[in-house]
Amino acid sequence: MEIVWQTPANPPERHDYVFRNGIRYVRPYYFEFISHAKNRWAGKTIVDLFTEEFKGRPRDYYVSAVKSGRIQVDGQVVSVYHRVQPSQKISHFLHRHEPPVMALDVTILQEEPDVLTICKPASVPVHPCGQYRKNTIIGILQAEHDLAPLFPIHRLDRLVSGLLILARSASKADFFRQQIESGVVEKQYIARVIGVFPENEQVVDANVNFNHREGRSTVEVEDICGNSNSALKGKTASTKFTRISTNGIHSIVSCHPITGRTHQIRVHLQYTGHPIANDMLYLSKFVADGSTEGLGAGRASFKFNRNEKNSVESEVNSNEDFCFDPMCTNCPNLAPKGYDVHEEGLWLHCVRYSGPGWVYECPYPDWAIIS
């Protein structure tokens, strides 16, 4: 089989996407991953290295990949017994299957000469990261709107929706970043949380410690006497919360993060006893404590709006639209193994960013209206 290798320079195109039942997939493609050997890898055979460090594929695959030249060292085909040395360049040519995302439109809110603002749909990462490259906001805007280059000036978690500001030049991106770092930019989110949130403004000042291995944050506070001798490990974090409305089961809360820590709003809401109503990552402790009121509604299935790309194209057997790779451990499926295509977006939405002389806003989502 003839393989045309792709590199990161290949831009995403409209025909790269397949839409099925409200889900956006990427047609699998060949891609070269490049890394340089870490010191702790030294002395390991190339097969042992991949088997131990990249557990997503079985050992037999890595043996075949080395023998066929899909895994190379310093641009050369090596034997399965080759022992890796520090700083050697290791290349892995593979058939890449990206995780799917929900097929919601990326809505352009404002298009200015130097700034683009959009309403980011939930489940789509902002920029290439991990296993995502084309199934990202940057990739979709380039493929479907011919908008590139773009420079995100703030981040939204993959499952969070709402306002995203993208600069259209590096200099404009630096302008925004300098304002954000100097603390003159105000941010507002809204969340749908479990329970009746207090009527008066609530301020949470609690360190946030993000665990990369677990993919979640925890809150750290001083002891009851106000002593800080315990050397808190997390980063200082502060969020202001104001209740907008409540129906006795859920509340809509306005969230104003003063700092910008990973999962800050989510973990601070958990700390108040009112976690986001469909945030299963931070509902776990809450549920374990026996407080389950409103959880059933929080797990209601996500309903797509009329802008979803669920057209006739989504009904075809799109497996026929890409070439199977006989060595690929994910073929013949579009999605890689282990990904749930039925996830839902968080009830957390960015609605407003403002700074000296500028303001950008995004409409509220449907779930923000409760009665």
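Going by the structure above, here's the rest.
In this text, all values refer to a predicted model and were calculated from it rather than measured experimentally.

**Student:** So what about the sheet that holds strand S7 (residues 101-102)? Which residues, and what values?
**Tutor:** The strand order across the open sheet formed by three strands is S1-S2-S7, and the pairing between neighbours is antiparallel. Pairing within the sheet leaves two strands with one partner each, and these edge strands are strand S1 (17-20) and S7. Pairing geometry for strand S2 (residues 23-26) and S7, over two bridges, is antiparallel. Opposite Arg24, over in S7, you have Val101 as the bridge partner. Sheet contacts for helix H3 (residues 137-145): S1 and S2; angle to S1, the most-contacted strand, approximately 100°.

**Student:** Could you give an account of the pattern of salt bridges, with specific residues and numbers?
**Tutor:** Taken as a whole and judged by the stated rule, the model has 14 salt bridges. The salt bridge involving Arg24 is made with Glu144; its shortest N-O contact spans 2.9 Å. With a gap of 120 residues between them, Arg24 in strand S2 and Glu144 in helix H3 connect regions that are remote in the sequence. With a shortest N-O distance of 2.8 Å, Arg70 and Asp325 are connected by a salt bridge. Taken together, the positions of Arg70 in the loop between helix H2 (59-68) and strand S4 (71-73) and Asp325 in the loop between helix H7 (295-298) and strand S18 (348-355) put the pair 255 residues apart, joining distant regions of the chain. You'll find Arg70 and Asp325 in the same group, each marked buried. In the salt-bridge network here, residues are joined through shared partners; they are Arg40, Lys44, Glu52 and Glu53.

**Student:** Tell me about the packing of helix H1 (residues 46-53) against H2, and name the residues and values.
**Tutor:** Contact geometry for H1 and H2: axes closest at 9 Å, N-to-C directions at 140°. Taken together, the axis directions place H1 and H2 in an arrangement best described as oblique. When you trace H1 past H2, the crossing you get is right-handed. Two secondary-structure elements touch here, H1 through Ile46, Val47, Asp48, Phe50 and Thr51 and H2 through Arg59, Tyr62, Val63 and Val66.

**Student:** With reference to specific residues and values, describe the packing of aromatic side chains.
**Tutor:** Applying the stated criterion across every chain, the model contains eleven aromatic pairs. Between the aromatic rings of Phe50 and Phe54, the centroid separation amounts to 5.3 Å while the plane-to-plane angle is 35°, which identifies the pairing as tilted. What makes Phe50 buried here is its relative accessible area of 5%. With 5.4 Å between their ring centres and 65° between their planes, Phe175 and Phe176 make a pair best called edge-to-face. The cationic tip of Arg24 hangs over the ring face of Tyr17; the distance from NZ or CZ to the ring centre is 4.8 Å. The ring centre of Trp347 lies 4.9 Å from the NZ or CZ of Arg192, which sits over that ring.

Each value, and the rule that gives it
- Residue numbers here run from 1 along each chain, matching the order of that chain's written sequence.
- In keeping with the predicted nature of the model, local features appear solely for residues at pLDDT of at least 70, side-chain atom pairs appear and are counted solely at 80 or more, and the whole-chain, interface and lining totals rest on all residues.
- Computation of side-chain values: all heavy atoms of the structure, hydrogens and water removed.
- Pairing between two strands is assigned when DSSP locates at least 2 bridges connecting them.
- Secondary structure is summarised from DSSP: a helix means a run of H or I of at least four residues, a strand means a run of E of at least two, and numbering begins at the N terminus for each.
- Any two residues having at least one pair of non-hydrogen atoms within 4.5 Å are treated as being in contact.
- The axes used here are C-alpha line fits, helices contributing only the stretch in contact, and every angle between their N-to-C directions lies in the interval 0 to 180 degrees.
- Note on definitions: salt bridges are taken to be side-chain nitrogens of Lys or Arg within 4 Å of carboxyl oxygens of Asp or Glu.
- Think of it in three bands: residues with accessible area under 20% of the maximum for their type are buried, residues over 50% are exposed, and the middle band is partly exposed, with areas taken using a 1.4 Å probe on protein chains only.
- If an angle is under 35 degrees, it is roughly parallel; if it is over 145, roughly antiparallel; if it lies from 65 to 115, roughly perpendicular; otherwise it is oblique.
- By definition, turning the near helix anticlockwise from the far helix through less than a right angle yields a left-handed crossing, and turning it clockwise yields a right-handed one.
- Geometry of aromatic contacts follows a simple scheme: Phe, Tyr and Trp rings, the Trp one being its six-membered ring, pair when their centres are within 6.5 Å, and the pair is stacked under 30 degrees between planes, edge-to-face over 60, tilted otherwise.
- A ring is scored as having a charge over it whenever the NZ atom of a lysine or the CZ atom of an arginine sits within 6 Å of its centre and within 35 degrees of its normal.

These figures capture arrangement, not role.
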